[in-house]
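Each chain is listed here by its residues.
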Amino acid sequence: MYVREVFLVFKRFAGHSKWQNIRHTKALKDTQRSLLYVKFCQRIKVAIQENGNNTNPLSNLHLAQAIENARKGDMPNATIQSCIKSTQVDKDASKTYTYSIKGPRGSILLVTALTNSQKKTKHDFQFILKKIGGIMSDQSLEGNFDKKGMIVGIPPPDVTNIEETSVDHAIEAGAEEVLPPDENNKLTFYCDMGQLHKVRDNLAELKYSIEETKITLIPKMKVSLNEDEMDFMSNIVAKLEDHPEVVDIYDNIE
């Protein structure tokens, strides 16, 4: 039963990469606009604040992972340490909030932001949406998503049939889902968030090169958009990602 479940999830997502390609392109532009380090720092701060202001990566695994991801993004160690220290100095100034945005055909964006003024940030987002479209939901839409662990990795070079082998490796490592490889042969595995580090270590033992590990939100159901609607939503995402307080944006789009 477990083998079949992982296999079906793999097939279900096959061929639906256009939106992810759009998101990937936006992420590259985000990097070019020098916001990448800001995002890494925001995620480090969130990892500290959501785990009792614990700044020790040995006992705060979420912080350890945020630091690892920042280092893989070439963020200097001095900048990382400065980010951690700034959180220690001003522990209560900013908090994490999630804002829900509704798009066409039941599409949803969940935007997490680290801010010291929930109302001001909401006003900023409403101003952006007023200019380009989209509706800020008065009610939280987080119930449409599940919180999961996510590991992105490159399989060993000796793997010949990536699609088939990745399903076997997902089962062996303890993952629940595996998505098709992207254009760079990177694979995305999902697992119970309590098993995140165990699954990551198991994949590393299988000789995967781990690119990213984090807690994420995945939609319970996805919606399909036409090309114009995708362009519309990607424009919203791009504008929101320019906001310095935005940490992550999640969606339910195929």
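Okay, so let's go over this structure. (Residues numbered from 1 in each chain as written. Predicted model: local features only at pLDDT ≥ 70, side-chain atom pairs only at ≥ 80, totals over all residues. Heavy atoms only, no water.)

Some details on the overall build of the protein
Quick note on the threshold: Elements are defined by DSSP. Helices are runs of H or I of four residues or more, strands are runs of E of two residues or more, and each kind is numbered from the N terminus. The rule is simple: take the accessible area with a 1.4 Å probe, protein chains only, and divide by the maximum for that residue type; under 20% is buried, over 50% is exposed, in between is partly exposed. The contact criterion used throughout is that any non-hydrogen atoms of two residues lie within 4.5 Å. With residues, only the protein chains shown are counted as cover, and all accessible areas are computed by Shrake-Rupley using a 1.4 Å probe.
The helix and strand inventory of the protein stands at nine helices and eight strands. The proportion of buried residues among the 254 residues of the protein is 44%. Long-range pairs, those at least 24 residues apart, make up 73% of the contacts in the protein with a sequence separation of at least 6. Accessible surface for the protein amounts to roughly 13,500 Å². Of this, 49% is attributable to carbon and sulfur atoms.

Quick notes on the pairing of strand β2 (residues 108-115)
Successive residues of a regular strand alternate their side chains across the two faces of the sheet. Where we set the bar: A strand pair is defined by DSSP finding two or more bridges across the two strands.
Counting buried residues in β2 gives eight out of eight residues, a clear majority hidden from the surface. A two-sided burial pattern is seen for β2, the buried positions comprising I108, L110, T112 and L114 on one face and L109, V111, A113 and T115 on the other. Two strands pair when backbone bridges link them, and strand β1 (residues 95-102) and β2 are joined in this way by eight bridges, in the antiparallel orientation. Its bridge partner lying in β2, Y99 is registered against V111. Here β1 folds back onto β2 in antiparallel fashion, the turn holding five residues, of which R105 has a positive phi close to 55°. Bridge analysis of β2 against strand β8 (residues 246-251) gives five bridges, and the strand direction is antiparallel. Within β8, the residue paired with T112 across the bridge is D248.

Thoughts on the pattern of salt bridges
Where we set the bar: Counted as salt bridges are all cases of a side-chain nitrogen of Lys or Arg within 4 Å of a carboxyl oxygen of Asp or Glu.
Inspection of the entire model under this criterion finds 10 salt bridges. Residue D248 is joined to R43 by a salt bridge in which the shortest nitrogen-to-oxygen separation is 2.8 Å. Here R43 lies in helix α3 (residues 36-49) and D248 lies in strand β8, a separation of 205 residues in the sequence. Look at the salt bridges and you will find they share partners, linking R43, E212, K214 and D248 into a network.

Section: the sheet that holds strand β6 (residues 187-191)
Here is the rule: The axes are straight lines fitted to the C-alpha atoms, using for helices just the contacting stretch, and the angles between their N-to-C directions are given from 0 to 180°.
Read across the open sheet, the four strands follow the order β5-β6-β4-β7; overall the sheet is antiparallel. At either end of the open sheet lies a strand with only one pairing partner, and these are β5 (177-178) and β7 (209-219). The pairing of strand β4 (residues 145-154) with β6 spans five bridges and is classified as antiparallel. Directly across from V152, in β6, lies its bridge partner T188. Contacts between helix α7 (residues 162-173) and the sheet are confined to β5 and β6, with β6 contributing the most and set at about 25° to the helix.

Here we look at the sheet that holds strand β3 (residues 135-136)
Spatial strand order, β3-β1-β2-β8: four strands in an open sheet with antiparallel pairing. Looking along the sheet, the strands with just one partner apiece sit at the ends: β3 and β8. Pairing analysis gives two bridges linking β1 to β3, with the strands arranged antiparallel. Residue pairing in the sheet places K102 in a bridge with I135 of β3. On the sheet, α3 packs against β1, β2 and β8 and is oriented at approximately 90° with respect to β8.

Note that all results are geometric; they support no functional claim without further evidence.
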